[in-house]
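# Secondary and tertiary structure notes
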Amino acid sequence: MAIEGISTLNGARKLAVIGAGLMGSGIAQVSAQAGWNVVLRDVTDEALARGRGGIEKSYAKFVEKGKLSAEDAEAALARLTTTTDLDATADADLVVEAVFEKLEIKQEIFRTLDQVVKDEAVLASNTSAIPITKIAAATSRPERVVGTHFFSPVPMMQLCELVRGLKTSDETLATARAFAESVGKTCIVVNRDVAGFVTTRLITALVVEAAKLQESGVATAEDIDTACKLGFGHAMGPLATADLTGIDILLNAASNIYTESQDEKFAAPERMRRMVDAGDLGRKSGEGYYRY
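First, a word on what this report is: a plain description of the structure on this page. Treat the numbers as computed from the prediction; the structure is a model and nothing was measured.

What counts as what
Residues numbered from 1 in each chain as written. Predicted model: local features only at pLDDT ≥ 70, side-chain atom pairs only at ≥ 80, totals over all residues. Heavy atoms only, no water. Helix = DSSP H or I, 4+ residues; strand = E, 2+ residues; numbered from the N terminus. Rg over C-alpha atoms; globule rule 2.2 N^0.38 Å. Buried < 20%, exposed > 50% of the residue type's maximum accessible area, 1.4 Å probe, protein only. Contact = heavy atoms within 4.5 Å. Areas by Shrake-Rupley, 256 points an atom, 1.4 Å probe, with all protein chains shown as cover. Lys, Arg positive; Asp, Glu negative; His and termini not counted. Charge placed at Lys NZ, Arg CZ, Asp CG, Glu CD. Pairing = 2+ DSSP bridges. Axes fitted to C-alpha atoms, helices over the stretch in contact; angles between N-to-C directions. Parallel < 35°, antiparallel > 145°, perpendicular 65-115°, else oblique. Left-handed = near helix turned anticlockwise from the far one by under 90°. Nonpolar A, V, L, I, M, F, W, Y, C, P; charged D, E, K, R; others polar. Patch = residues over 30% accessible without salt bridge, like charges linked within 9 Å, V, L, I, M, F, W, Y side chains within 5 Å. Salt bridge = Lys/Arg side-chain N within 4 Å of Asp/Glu carboxyl O. Core = buried A, V, L, I, M, F, W, Y, C linked by side-chain atoms within 4.5 Å. Phe/Tyr/Trp six-rings, centres within 6.5 Å; stacked < 30°, edge-to-face > 60°. Polar contact = N/O pair within 3.5 Å; in protein donor to acceptor, adjacent residues only side chain to side chain.

### Concerning the overall build of the chain
Per the secondary structure count, the chain includes 11 helices and 8 strands. The C-alpha atoms of the chain give a radius of gyration of 19 Å, which matches the 19 Å a tight globule of 292 residues would have. Dimensions along the principal axes, computed over C-alpha positions, put the chain at roughly 60 × 45 × 35 Å. For the chain, with 292 residues in total, the buried portion stands at 51%. Within the chain, residue pairs in contact and separated by at least 24 positions form 66% of the contacts whose partners lie at least 6 positions apart. For the chain, the accessible area works out to roughly 13,500 Å², and carbon and sulfur atoms hold 53% of it. Looking at the chain, you have 32 positive and 40 negative side-chain charges, and the mean spots of the two groups are 2 Å apart.

Structure below.
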């Protein structure tokens, strides 16, 4: 797919992804597979090795299942490079930041990117809850900053939530849409830059209410999740979703939205906070609302 304003080198577009965690490596994976030349950047070689290793394993599974040829997997990996040097993003047409949900960290990255990348580059954030306008304010080009909220696991989930900041231009939004569609995603557009956008506000409100019901003894986690699956047709209940996503991540999202909105439905219950304090973060720690 041709993307207006995106240059090509031997037919391949140039993308930089900042952050080699689960989200960043997933975005890098689908982009390299779709023909983008990808630079994956993180602060340590260890993080980059984990990220690339995860991509290699994912490609291998797709090959094993017949969803990707070995030749295409090899070609995609050849389009992927890793680095700890932020200056390596200088010639990228599009940069997607996918680091931890802390405004100060994201602003510092965007402030640096603003000095490093070319003027026509689009800067995107994978944030799930922080207003894009706040992130864009760290740059001299807020009109070229946009939200591209992918969903985990990126290779499997079809949605990308595009978020327009207060000053995001139509051209920038169109470029972000074309990029997301080029890697196989279906887009929705958030036209007003509210904290949590559409999807995170919906799931956070549901998880917080489910957590309050469980904490107060109204019903067990299992029964709450069963109610949502069988009563509403959800593929997964809200508390199982919290465990899969990471209770710490959802708590942080709830806190960001509550800080912005002062809406009580986003005020996380005490037990959820204590679970995070205790390290019970869900699947990644072995225990959350369920044991694994």
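### Overview of the pairing of strand E8 (residues 186–190)
Both strand E7 (residues 159–164) and E8 contribute to a ladder of 5 bridges, which runs parallel. Pairing of Val 163 across the sheet is with Val 190, part of E8.

### A word on the sheet that holds strand E3 (residues 80–83)
Taken together, 8 strands build an open sheet; the order of strands is E3-E2-E1-E4-E5-E6-E7-E8 and the sheet is mixed. Of all strands in the sheet, those with a lone pairing partner are E3 and E8, marking the two edges. The sheet shows a mean angle of 25° between the axes of neighbouring strands, taken without regard to direction. Packing of helix H1 (residues 22–33) onto the sheet brings it into contact with strand E1 (14–18), strand E2 (37–41), E3, strand E4 (94–97) and strand E6 (145–150), and relative to E2 it is tilted by some 165°. Against the sheet, helix H2 (residues 45–64) makes contact with E2 and E3, and its axis sits at roughly 165° relative to E3, the strand it touches most.

### Notes on the packing of helix H10 (residues 247–261) against helix H11 (residues 270–278)
At a minimum axis separation of 10 Å, H10 and H11 run at an interaxial angle of 130°. With respect to H11, the element H10 is oriented oblique. Between H10 and H11 lies a crossing whose hand is left-handed. Contacts from Ile 247, Asp 248, Leu 251 and Ser 255 in H10 reach Met 272, Arg 273, Met 275 and Val 276 in H11. Looking at the contact of H10 with H11 residue by residue, the classes come out as 5 nonpolar, 1 polar and 2 charged.

### Re a positive patch on the surface
A cluster of basic side chains, namely Lys 57, Lys 61, Lys 65 and Lys 67, defines a positive patch on the protein surface. The topology assignment puts Lys 61 in helix H2. Here Lys 61 falls in the exposed class, since its relative accessible area comes to 53%.

### Details of the nonpolar core
Counting 36 residues, the largest nonpolar core has Leu 15, Ile 27, Val 38, Leu 40, Tyr 59, Phe 150 and Phe 179 as its most contacted members. The biggest single contributor to this core is H1, with 5 residues. Sequence-distant contacts of Leu 15, defined by excluding residues within four places in its chain, comprise Ser 31, Trp 36, Asn 37, Val 38, Val 39, Ala 92, Leu 94, Val 96 and Phe 179. Judged by nonpolar contacts, the second largest core, of 19 residues, contains Val 95, Ile 109, Leu 123 and Ile 135.

### Digging into the packing of aromatic side chains
In total, this model carries 2 aromatic pairs according to the counting rule given. Taken together, a centroid distance of 5.2 Å and an interplanar angle of 90° make the contact between Trp 36 and Phe 179 edge-to-face. Placement of Trp 36 in the loop between H1 and E2 and of Phe 179 in helix H6 (residues 170–182) is noted, with a sequence separation of 143 residues between them. Each member of the pair, Trp 36 as well as Phe 179, carries the same accessibility label: buried. Each ring, one from Phe 150 and one from Phe 179, has its centre 6.1 Å from the other, and the planes form 70°; the classification is edge-to-face.

### Remarks on the side chain of Thr 168
Tracing the sequence through the fold places Thr 168 in the loop between E7 and H6. By relative accessible area, Thr 168 is classed as buried at 7%. There is a polar contact of 2.8 Å between the side chain of Thr 168 and the backbone nitrogen of Gly 165.

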